[in-house]
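Architecture at a glance
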Amino acid sequence: MEQEYEIICAFHISTLNRTNLSLQLMFPEYDVIVAGAGHAGCEAAAAAANLGSKVLLITMNLQTLGQMSCNPAMGGIAKGQIVREIDAMGGYSGIVTDKSTIQFRMLNRSKGPAMWSPRAQNDRMLFASTWREMLEQTPNVDFYQDMVNSLLVKDNTVYGVVTSLGHQIRSKAVILTSGTFLNGVIHIGEKKIGGGRVAEKAAIGITEQLVSLGFESDRLKTGTPPRVDGRSLNYSLMEEQPGDQEIVGFSFLDTPKPGRQRSCWITYTNQEVHETLKTGFDRSPMYTGRIEGVGPRYCPSIEDKINRFADKERHQIFVEPEGWNTVEVYVNGFSTSLPEEVQYEAIRKIPGFENVRLFRPGYAIEYDYFPPTQLQYSLETKQIANLFFAGQINGTTGYEEAACQGLMAGINAHQKIRNLEPLILKRSEAYIGVLIDDLISKGTDEPYRMFTSRAEFRTLLRQDNADLRLTELSYRLGLASQERMERLKEKTQKVDSIKTILRGLSLHPDDINPYLSSKRSAPLEQKQKALQLILRPGIDLSSLIREVPQVHQLLHQYPADAVEQAEIQIKYETYIEKEKELVKKMSHLEELRIPENFDYDRISSLSNEALQKFKKIKPSTLGQASRISGVNPSDVQILMVFMGR
């Protein structure tokens, strides 16, 4: 009997050892685990892997990797600048966008170049498949389909994750990019469904564990409009919105551009639509208190629009195709969580939608987030070492905002586990720096969206010069490729060469006046340098090259991006220099560091609000302290004096 018992025990021990060995082979220890494969997670995995870290990307569904959960578009006002910054640093979003573009537009062309913002309409399925293809071709990235339920934490340091299948997978750092999945709840009228996205389950367990570890969490809300059958629409009743003739694109590399484009369309709501929508307000989760989270101020639902802007007789609706080979259409501007039958009756009253067929209704989604004042500038959490947050978990909204956080979290997770300095972008260096500083210094209690107005140095932070600002910095770090660096050097040399030629080229009145006349610009009476002519309103360098033989002869061989960059630098030199001087004046506050263990209670003259904010956020510099919401200049002066400054 004893011998039989020993054989059984030996068998179980042998089986257990084989199981443990198999799991060790299946899940070796990783440098970085990225939980979630949305825009933040994909960029985080790519960045950390390309820097040399061994990465595991865990997602609940590998078929939705890189999914565009809401509108099938990238870029837009300020968001386009972010995508170009990601690309300049060696991220993938710009390349993926270019490869899946079905329409391209450069917004705000009528304004100065600081306001120009690229925007692309994308093929939703091609966008996601391109992301997956690029990640699968990236060395050092492994994939696993499962849900992360909790974190492995010891001595306030994360060392891995636990999945829903019970696997404990170890790593040196973890990046959470949970999107709208943390305790996500979908609302359609009076219906309430647990989920992080339509037909996908919510992620549970993470919030509860983090709260038990001392984190503060809250709820936010976002929404999406109905998707409809494009074959059922009457486009003759709408305004066509074609793409630009020239497709500039997002990537600074030579990415392929589509040979054709698909138009979008514009139509409008009316009073009849609004009255129909109002019939469902008594069943709206927004107005009956079933939704607790705060929604995005700058992307409100259609019911919120007609309630807040009751004086407006109509609201714009953008009719956006979802791809090259699908009839599915995204109804941008009609985000709603009203009952399905109310959505249907109301949308049918929009011109062009009289015979519409719904693919799926709009819905609102409520989810957990963690106020970002709990983060360091590297996006590492203050409470738990080696744990990073990126994307909507930090209270942001939008693919672009999420992607840039993922990029920075991936970089800094790699840096942290190798005891290297984190990469912190300043507000004067990138929109990415503005976004992260806003989140950490000011926090957010509503979904944060980037605008050009948030950047005080937006003349410096243009979409056209993202490579000039960021590629060399990223190259020194080891992320931006040698190819990108060579292209940057070549572009810089060509821009300088163009400016040198224009500075030395004198144009005779007989040669230039016909051109000036065509531009309704005052004629010359004597020779003038070509560079001076470019400073005139209405005179652009590209037309000067096309139409003036002397200029054409010298500059026709230069590429369009170098010509545009040279012109911007010439035209806006005064403004650019003024902004650089302002950056210098303000930079001294950024250089005055505050010790991490600084005792603010010793400063009795601080206002109560400043004292509370300083103790909670623990600003690292006087510059950060000055940008904290509720802190007055006098509080900063007092702090400066107390520090002996």
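For the structure itself, look to the data block above.
First, a word on what this report is: a plain description of the structure on this page.

About the criteria used
- Numbers given to residues run from 1 along each chain, matching the order in which its sequence is written.
- The model is predicted, so local features are restricted to residues of pLDDT at least 70 and side-chain atom pairs to those at 80 or more, both for listing and for counting; the totals for chains, interfaces and linings are taken over all residues.
- Where side-chain values are given, they derive from all heavy atoms of the structure, hydrogens and water being excluded.
- Residues enter a nonpolar core if they are buried and are Ala, Val, Leu, Ile, Met, Phe, Trp, Tyr or Cys, with the set joined through side-chain atoms within 4.5 Å.
- The cut-offs for exposure are 20% and 50% of the maximum accessible area for each residue type, with area from a 1.4 Å probe on protein chains only; residues under the lower value are buried, those over the upper are exposed, and the others partly exposed.
- Runs of H or I in DSSP of at least four residues are treated as helices and runs of E of at least two as strands, each being numbered from the N terminus.
- By definition, residues are in contact when any of their heavy atoms lie within 4.5 Å.
- Grid spacing is 1 Å over the protein atoms alone, the probe is 1.4 Å, and a cavity is where that probe fits but cannot get out, while a pocket is an open set with protein on both sides within 12 Å along at least five of seven lines and lining residues have an atom within 4 Å of a point.
- Grid points are joined across faces, edges and corners, and a volume is the space filled by probe spheres set on the points.
- Asp, Glu, Lys and Arg are counted as charged, while Ala, Val, Leu, Ile, Met, Phe, Trp, Tyr, Cys and Pro are counted as nonpolar; the rest, among them Gly, fall into the polar class.
- In this scheme Phe, Tyr and Trp rings, the latter by its six-membered ring, pair at centre separations within 6.5 Å, and the angle between planes marks the pair as stacked below 30 degrees, edge-to-face above 60, and tilted otherwise.
- Each ring is checked for a lysine NZ or an arginine CZ that lies within 6 Å of its centre and within 35 degrees of its normal; such an atom marks a charge sitting over the ring.
- By this rule, a helix spans an expected 1.5 Å times one less than how many residues it contains.
- In this description, one arc is meant: the one made by directions from the helix axis to the C-beta atoms.
- Axes, fitted as lines to C-alpha atoms, cover a helix only where it is in contact. Angles between the N-to-C directions of the axes lie from 0 to 180 degrees.
- When describing relative orientation, an angle under 35 degrees is termed roughly parallel and one over 145 degrees roughly antiparallel, while 65 to 115 degrees is termed roughly perpendicular and anything else oblique.
- By definition, two strands form a pair when at least two bridges between them are found by DSSP.
- Look down the strands so they point away from you; if going from the first strand over the helix to the second traces a clockwise path, that crossover is right-handed.

Observations regarding the nonpolar core
For soluble globular proteins, nonpolar side chains are generally found buried alongside one another. Ranked by size, the top nonpolar core spans 106 residues in total, and within it Leu176, Leu387, Met408 and Ile432 carry the most contacts. No other element matches helix α10 (residues 399-417), which puts 10 residues into this core. Ignoring sequence-local partners within four residues, the contact set of Met408 consists of Met89, Ser378, Leu379, Leu423, Leu425, Ile432 and Ile436. Formed by 25 residues, the second largest nonpolar core is a distinct cluster that contains Tyr515, Leu544, Val548 and Leu555.

Structural notes on the layout of surface pockets
Here the second largest pocket defines a volume of roughly 1,300 Å³. Residue lining of the second largest pocket: 44 residues in total, with Tyr377, Arg593, Ser620, Thr621 and Gln624 positioned closest to the centre. Elements supplying a minimum of two residues to the lining of the second largest pocket: α10, α11 (431-442), α19 (573-591), α20 (608-617) and α21 (622-627). Sort the elements by how many residues they give to the lining of the second largest pocket and α19 lands first, with 7 residues. The residue makeup of the lining of the second largest pocket, split by class, is 16 nonpolar, 12 polar and 16 charged.

What about the packing of aromatic side chains?
In the structure shown here, the tally under the stated rule is 11 aromatic pairs. Aromatic pair Phe215 and Phe370: ring centres 6.1 Å apart, planes at 85°, arrangement edge-to-face. Residue Phe215 is located in the loop between α6 (206-212) and β12 (218-224), and its partner Phe370 is located in the loop between β19 (363-369) and β20 (387-389); the two are separated by 155 residues in the primary sequence. You'll find Phe215 and Phe370 in the same group, each marked buried. Three or more aromatic residues joined by ring pairs make a cluster, and in this case those are Phe598, Tyr600, Phe614 and Phe642. One cation-aromatic arrangement involves Arg454 over Tyr448; the distance from NZ or CZ to the ring centre is 4.1 Å. In this structure, Arg602 is placed above the aromatic ring of Phe598, and the distance from its NZ or CZ to the ring centre is 5.7 Å.

Some details on helix α5 (residues 124-136)
With 13 residues, α5 should reach 18 Å at 1.5 Å per residue; the first-to-last C-alpha distance of 19 Å fits that figure. Of the positions making up α5, those classed as buried are Arg124, Phe127, Ala128, Thr130, Trp131, Met134 and Leu135. Projected onto a plane normal to the axis of α5, the buried residues spread over an arc of 160° and lie on a single side.

A few points about the packing of α10 against α11
Following both chains from N to C, one finds α10 and α11 inclined at 90°, their axes separated by 10 Å at the closest point. Classed by the angle they form, the pair α10 and α11 counts as roughly perpendicular. Side by side, α10 and α11 meet where Glu401, Cys404, Gln405, Leu407 and Met408 of the first sit next to Ile432, Leu435, Ile436 and Leu439 of the second.

Let's talk about the pairing of strand β2 (residues 55-59)
Of all 5 residues that make up β2, 5 are buried, and the element is covered over most of its length. Here β2 shows no split at all, with Val55, Leu57 and Thr59 on one side and Leu56 and Ile58 on the other all buried. As defined by bridge partners, strand β1 (residues 30-35) adjoins β2 across 4 bridges and the pair is classed as parallel. Residue Ala35 lies in a different strand from β2, and its bridge partner there is Ile58. Taken together, β1, helix α2 (residues 39-51) and β2 constitute a β-α-β crossover, and its handedness is right-handed. The pairing of β2 with strand β6 (residues 141-145) spans 5 bridges and is classified as parallel. Paired with Thr59 across the two strands is Gln145, which belongs to β6.

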